[in-house]
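# Results of the structural survey
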Amino acid sequence: MYGWIWRHLPGNAWVRALISIALALGIVYVLFQYVFPWAEPLLPFNDVTVDGQ
C-alpha cells in the first residue's frame, strides 16, 4: 500500500517525502480533532471493575 502511494505522488524523492509527511500530519490531525472525540463516548474507559476498598 505504501509503495502504491509513493509511486503515485508527484515530484522527486524530496517532494514525495514532504508530501508524505504532510499527509501523515493531516491524518493525525483529523484523527485527534474528529475521530477520537466521536469515538470516546463509545469506549469503555470509565467502566472500572475494581472497588476502592
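Residues numbered from 1 in each chain as written. Predicted model: local features only at pLDDT ≥ 70, side-chain atom pairs only at ≥ 80, totals over all residues. Heavy atoms only, no water.

## As for the UniProt feature "transmembrane region" (unreviewed entry) in the chain
- As recorded in UniProt, the sites labelled "transmembrane region" (unreviewed entry) are residues 12-36.
- The span residues 12-36 carries 96% helix and 0% strand; its end-to-end C-alpha distance comes to 34 Å. (UniProt positions renumbered as here; feature names shortened; annotations may be inferred. Helix = DSSP H or I, 4+ residues; strand = E, 2+ residues; numbered from the N terminus.)

## So, a nonpolar patch on the surface
- A grouping of Ile27, Val28, Tyr29, Val30, Leu31, Phe32, Tyr34, Val35, Phe36, Trp38 and Leu42 is seen on the molecular surface, where their side chains present a nonpolar patch of about 1200 Å² in accessible area.
- Along the chain, Ile27 falls in helix α2 (residues 13-39).
- According to the relative accessible area criterion, Ile27 is exposed, its value standing at 52%. (Patch = residues over 30% accessible without salt bridge, like charges linked within 9 Å, V, L, I, M, F, W, Y side chains within 5 Å. Areas by Shrake-Rupley, 256 points an atom, 1.4 Å probe, with all protein chains shown as cover. Salt bridge = Lys/Arg side-chain N within 4 Å of Asp/Glu carboxyl O. Buried < 20%, exposed > 50% of the residue type's maximum accessible area, 1.4 Å probe, protein only.)

## Some thoughts on the environment of Pro37
- Checked against the element boundaries, Pro37 lands in helix α2.
- Relative accessible area serves as the criterion here: at 42%, Pro37 is assigned to the partly exposed category.
- For Pro37, the contacting residues outside a window of four places in its chain are Leu31 and Phe32. (Contact = heavy atoms within 4.5 Å.)

## Concerning the packing of aromatic side chains
- Overall, the coordinates contain one aromatic pair when judged by the stated rule.
- Here the aromatic rings of Phe32 and Phe36 are separated by 5.2 Å at their centres, their planes lie at 90°, and the arrangement is edge-to-face. Here Phe32 pairs with Phe36, and both are found in helix α2, just four residues apart, close to one helical turn. (Phe/Tyr/Trp six-rings, centres within 6.5 Å; stacked < 30°, edge-to-face > 60°.)

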